[in-house]
Amino acid sequence: MRHVFQLRIGPVGFRVGSDWRAPVTALATLYDDYPKPRDGIPDFTVRLFALRPWRRRVRPSITLGGDYLLPEAAPLPLRLGLLAAEMGMNLQMALGQRRYLLLHAATVERDGRALLMTGVSGAGKSTLAALLMARGWRLMGDEFALLDPATGLVHGFPRLVSLKNQAIGVVQQALPDARFGPLQPDTPKGDIRHLKPDAASVAAMDVPARPVAILFPSFGHAPDVRPVPPAETFVRLTQASTNYVALGERGFDALTWLVAAVPAHAIDYPDTRTAVAMVERLWEQAA
């Protein structure tokens, strides 16, 4: 690869190589204060490359590759280079991570205790995580929660927060001094803009936390809070995990412990202000 950037996010190191300078420059700008992989050895490699040499210059398009790949993945235009790099890191984690049980969840922490928020795309978990960060919570992750089967602790993985469509303006208003990546319009999921986690979240990325609450948020409904029984939580979380099956018995034991030890609630909300208030009330009850 002509252009390379290396970084570590929590316990996982990445090497991102690209045929073009722009995606690597965008990564280096937003991840400028992140550490390098331990001992200089990344866990995963991401490749952003042109499938045909002429695609580097004529209507340049990015094909995702690396240690693990999906041959059927459609290429992305060069203008979405930052999104391609983030998707590449997601892909390596989803297909290759074997140390931690991965849950597709946003995670925030307060006083050494972690709150996991998971749900379908559009449920609002990324927006809620960003707004809670604005209120002093530590952002542990937006895309994946890393549950250690050996300890039951959640490890930090504070990637850029992927904000979509109307959520972009909401979070910009709540965090006017935060660092944002460029607006990337007309992606398969609409407009996307990445938010960099605050300095406190980055500095504490190596500090794990004990999970004490699980939330299943759902946007666009009248306010409602209801407990989710362990059996339903277990099923939902198996669907939210990309490596539960691959981990085998370790994954089963880790998830069984989590749903038995940590209460879960579903919350419906019509707007973000209501959602944040609901989360804060539930957190006080869990204390």
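The present account deals with the structure reproduced in this document. Quantities reported herein were computed from a predicted structural model and do not represent experimental measurements.

### Concerning the sheet that holds strand E13 (residues 184–187)
Then, number 1: A sheet is described by the order of its strands in space; here three strands give the open sequence E12-E14-E13, paired in antiparallel fashion. A strand with exactly one partner marks an edge of an open sheet, and here the two such strands are strand E12 (161–164) and E13. Sheet twist, expressed as the mean angle between neighbouring strand axes with direction ignored, is 35°.
Then, number 2: The pairing of E13 with strand E14 (residues 190–195) spans two bridges and is classified as antiparallel. Bridge assignment links Thr-187 to a residue of E14, and that residue is Gly-190.

### Describing helix H9 (residues 272–286)
Then, number 1: Counted at 1.5 Å a residue, the expected span for H9 with its 15 residues is 21 Å, and the 21 Å between its end C-alpha atoms agrees.
Then, number 2: Among the residues of H9, Ala-275, Val-276, Met-278, Val-279, Glu-280, Leu-282 and Trp-283 are the ones counted as buried.
Then, number 3: Here the buried face of H9 lies against strand E7 (106–110), strand E8 (113–117), helix H3 (125–134), strand E15 (210–219), strand E16 (224–228) and strand E17 (264–269).
Then, number 4: With a side-chain oxygen lying 3.3 Å from the backbone nitrogen of Arg-273, the N-terminal cap of H9 falls on Asp-271.

### Describing the environment of Arg-210
Then, number 1: Structurally, Arg-210 is set in strand E15.
Then, number 2: Given the relative accessible area of 46%, Arg-210 is considered partly exposed.
Then, number 3: Those residues in contact with Arg-210, other than ones at most four positions away along the chain, are Gly-112, Arg-113, Ala-114 and Leu-153.

### With respect to the pairing of E7
Then, number 1: Buried residues dominate E7, accounting for four of its five residues.
Then, number 2: Examined bridge by bridge, E7 and E8 share five bridges and lie antiparallel to one another. Bridging from a neighbouring strand, Thr-107 pairs with Leu-116 of E8.
Then, number 3: The pairing of E7 with strand E9 (residues 138–141) spans three bridges and is classified as antiparallel. Each residue of the ladder has a partner; that of Glu-109, found in E9, is Arg-138.

About the criteria used
Residues numbered from 1 in each chain as written. Predicted model: local features only at pLDDT ≥ 70, side-chain atom pairs only at ≥ 80, totals over all residues. Heavy atoms only, no water. Pairing = 2+ DSSP bridges. Helix = DSSP H or I, 4+ residues; strand = E, 2+ residues; numbered from the N terminus. Axes fitted to C-alpha atoms, helices over the stretch in contact; angles between N-to-C directions. Expected span 1.5 Å × (residues − 1). Buried < 20%, exposed > 50% of the residue type's maximum accessible area, 1.4 Å probe, protein only. Contact = heavy atoms within 4.5 Å. Polar contact = N/O pair within 3.5 Å; in protein donor to acceptor, adjacent residues only side chain to side chain.

It is worth stressing that arrangement in space is one thing and function is another; only the former is reported here.
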